[in-house]
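Each chain, letter by letter, is given below.
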Amino acid sequence: MISALAGIEEQVLQTGLGQLVVDELVYQRGRPPRSRYLFKHALIQDAAYQSLLKRTRQQYHERAAKLLEDRFPEVASTQPELVAHHYTEANCPAPAIPYWHKAGMAAASQSANLEAIDQFRRGLALVDALSDPRERAERELDLQMALGPALFATKTYIHPDIGRTYSRAWELCRQLGDHPREFTALRGLMLHHLNLLEIEKAQHFAEEASHVAERLDDAARLVGGTWRSV
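Keep in mind that what you see is a predicted model, and the values were worked out from it rather than measured.

Caption draft 1: Highlighting the packing of aromatic side chains. By the definition in use, this model includes 4 aromatic pairs. Centroid distance Tyr 87 to Tyr 99: 6.3 Å. Interplanar angle 25°. Geometry classified as stacked. With Tyr 87 in helix 5 (residues 80–89) and Tyr 99 in helix 6 (residues 93–109), this residue pair connects regions lying 12 residues apart in the sequence. Given the relative accessible area of 4%, Tyr 87 is considered buried. You can call Tyr 99 buried: its relative accessible area is 15%. An angle of 85° between the planes, with centres 5.6 Å apart, marks the rings of Trp 170 and Phe 205 as edge-to-face. Highlighted residues: Trp 170 in helix 9 (residues 160–176) and Phe 205 in helix 11 (residues 199–216), separated in sequence by 35 residues. By relative accessible area, which is 12% here, Trp 170 ends up buried. Site record: aromatic cluster; members linked through ring pairs are Phe 152, Tyr 157 and Tyr 166. Across from the ring centre of Trp 170, 3.9 Å away, lies the NZ or CZ of Arg 174, which sits over that ring.

About the criteria used
- Residues numbered from 1 in each chain as written.
- Predicted model: local features only at pLDDT ≥ 70, side-chain atom pairs only at ≥ 80, totals over all residues.
- Heavy atoms only, no water.
- Phe/Tyr/Trp six-rings, centres within 6.5 Å; stacked < 30°, edge-to-face > 60°.
- Helix = DSSP H or I, 4+ residues; strand = E, 2+ residues; numbered from the N terminus.
- Buried < 20%, exposed > 50% of the residue type's maximum accessible area, 1.4 Å probe, protein only.
- Lys NZ or Arg CZ within 6 Å of the ring centre and 35° of its normal.

Now the structure itself:
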């Protein structure tokens, strides 16, 4: 019964697409069922998209995201920003956020730091929509910690975005008890305030980093957290 319904739906879809080709609204490339269809003009595409109800658009975006994951995993792997976009437009923040994080990390690995910053921030814009408090904090921490190095790579060390990013990361680390990343956040704050010539604040964060290193019993971090290493 299900396969029969699927066959009917496919037939209806192909008939509708064929009519759009006849009406010269879209181009057809290849033969069904492996054809590709392209709107002849961006204005037609925009009009068709805007004519859909919001919920319908969200459903289509969710289907597109799942289709990429299930049938085109290589695309989902190499273009995570595409899946992230569809899940975002589908109002599905939980799966969208890790894809934005993955996309940002991929961009950063290629020194495309401005692109990475944009993608990390797209993920951060969604975290408040997560219902579970711990998941919300963990996802935000992942993004804030990834955002920090990208900001350091593109802005001066005194830029307020760097201070805000590492301050929020430190807060989340303490909330989650994540001491290894707490050390990194404190080092970021130390460098930020040192370059602002706020010596007392820089020394404070260096000392906090040393305390974290002591709790971790990590000699390398202990050396890295000392004020003399600044």
